[in-house]
Amino acid sequence: MLFRSSEDRRNILSILNKKLNVHENNQEVSDQSDVLIICVKPQVFKEAAQSFTTESNEKMIISVAAGIEIDSMASLFGEGSKVCRVMPNTPCLVGRGISALIQSNLTESEIVLATYIFNSVGKTIWVQNEEWMHAITAVSGSGPAYFFHMMDLLKKAAMKLGTIPIKERVIFLNNIKNIINIPNITMPKVNICDLNKL
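Residues numbered from 1 in each chain as written. Predicted model: local features only at pLDDT ≥ 70, side-chain atom pairs only at ≥ 80, totals over all residues. Heavy atoms only, no water.

**Student:** Which residues make up helix α7 (residues 143-161), and what values do they have?
**Tutor:** Along its 19 residues, α7 runs 28 Å from first to last C-alpha, staying within 8% of the 27 Å computed at 1.5 Å per residue. Where α7 is concerned, the buried positions are G143, P144, M151 and A158. Along the axis of α7, the buried positions cluster into a sector of 90 degrees, meaning they face one direction only. Residues of α7 that are exposed and point more than 90 degrees away from the buried face comprise Y146, M159 and K160. Residue G162 follows α7 closely and has a positive phi angle near 85 degrees. (Helix = DSSP H or I, 4+ residues; strand = E, 2+ residues; numbered from the N terminus. Expected span 1.5 Å × (residues − 1). Buried < 20%, exposed > 50% of the residue type's maximum accessible area, 1.4 Å probe, protein only. Arc of directions from axis to C-beta.)

**Student:** Let's hear about the pattern of salt bridges: which residues, and what values?
**Tutor:** Following the criterion strictly, the structure yields four salt bridges and no others. Between E58 and K82 there is a salt bridge, and its shortest N-O distance comes to 3.4 Å. In this pair, E58 sits in the loop between α3 (45-49) and β2 (60-63) while K82 sits in strand β3 (residues 82-87), placing the two residues 24 residues apart along the sequence. Between D152 and K156 there is a salt bridge, and its shortest N-O distance comes to 3.1 Å. With D152 and K156 both in helix α7 and four residues apart, this pair spans about one turn of that helix. (Salt bridge = Lys/Arg side-chain N within 4 Å of Asp/Glu carboxyl O.)

**Student:** Can you break down a negative patch on the surface residue by residue, with the values?
**Tutor:** Taken together, the side chains of E69, D71, E79 and E131 define an acidic patch exposed on the protein surface. Tracing the backbone shows E131 in the loop between β5 (122-126) and α6 (132-141). On the accessibility criterion, E131 (55% relative accessible area) is exposed. (Patch = residues over 30% accessible without salt bridge, like charges linked within 9 Å, V, L, I, M, F, W, Y side chains within 5 Å. Areas by Shrake-Rupley, 256 points an atom, 1.4 Å probe, with all protein chains shown as cover. Lys, Arg positive; Asp, Glu negative; His and termini not counted. Charge placed at Lys NZ, Arg CZ, Asp CG, Glu CD.)

**Student:** So what's going on with the environment of S109? Which residues, and what values?
**Tutor:** Structurally, S109 is set in helix α5 (residues 108-119). Here the side chain of S109 touches T107 through a polar contact of 3.1 Å, side chain to side chain. (Polar contact = N/O pair within 3.5 Å; in protein donor to acceptor, adjacent residues only side chain to side chain.)

**Student:** So, the nonpolar core: which residues are in play, and what are the values?
**Tutor:** Counting residues in each nonpolar core, the largest one holds 21 residues, and the members touching the most others are I38, F45, I61, M73, F77 and M133. For this core, the secondary structure elements donating two or more residues are β1 (35-38), α3, α4 (70-77), β3, β4 (97-104) and α6. Once you skip the residues sitting within four places of it in the chain, F45 turns out to touch I38, V40, S63, A65, I68, M73, L76 and F77. (Core = buried A, V, L, I, M, F, W, Y, C linked by side-chain atoms within 4.5 Å. Contact = heavy atoms within 4.5 Å.)

**Student:** Could you give an account of the side chain of R85, naming the residues involved and the relevant values?
**Tutor:** Note that R85 resides in strand β3. Discounting chain neighbours no more than four positions away, the residues touching R85 are S63, G67, I68, E69, I70, M73, A100, L101, I102, E130 and M133.

**Student:** Describe in detail the sheet that holds β5, supporting the description with residues and values.
**Tutor:** Spatially, the five strands line up as an open sheet ordered β1-β2-β3-β4-β5, and their pairing is mixed. The open sheet has two edge strands with one neighbour each: β1 and β5. Across the sheet, the axes of successive neighbouring strands diverge by a mean angle of 25 degrees, strand direction being ignored. Here five bridges tie β3 to β4, and the two strands are oriented antiparallel to one another. Bridge pairing in β4 places C84 opposite Q103. Together, β1, β2, β3, β4 and β5 form the strand contacts of α5, whose direction differs from that of β5 by roughly 145 degrees. Relative to the sheet, α6 contacts β3 and β4, its axis offset from that of β3 by approximately 40 degrees. (Pairing = 2+ DSSP bridges. Axes fitted to C-alpha atoms, helices over the stretch in contact; angles between N-to-C directions.)

So, in structure tokens, the structure goes:
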């Protein structure tokens, strides 16, 4: 579903993936779909949700809008609607993300389908308590930004030390790539807090 997408963006999407059916009208998308995935900023979620209607509660509606709770979705789509809230993270862009999901009124087969969809960009975990989504948003959803900030600080420090730009990039990226494997290899033998003592 494309919400308020410009003509230029629709054209770009069509060029990038010939298998995409790009529409200007969200109602057309809803009428032709069994699963609707709403990927918008939370401040326009309500407007996007109100841009289409569903004739029954049989469609599975998945929200990737941060902070939009199940109750809010139910108030927009109906109490008996089949809804799923997802918190993915940036590594999904390279197929190595992790997505936390919570659902209401989904059947077992729909849970399997939602899992399949988000496994295509990494791994999925299902949570039972929506309160947990706040922590997941902070740690998993926002976590990559902290690492990127740390990477930027290390890069600036390396430049101040006068390292050769090309060499600095090779060393830097190799460090990042391999350091993240250490917890997987050493845990549970070594507490993650003690890794800096290795």
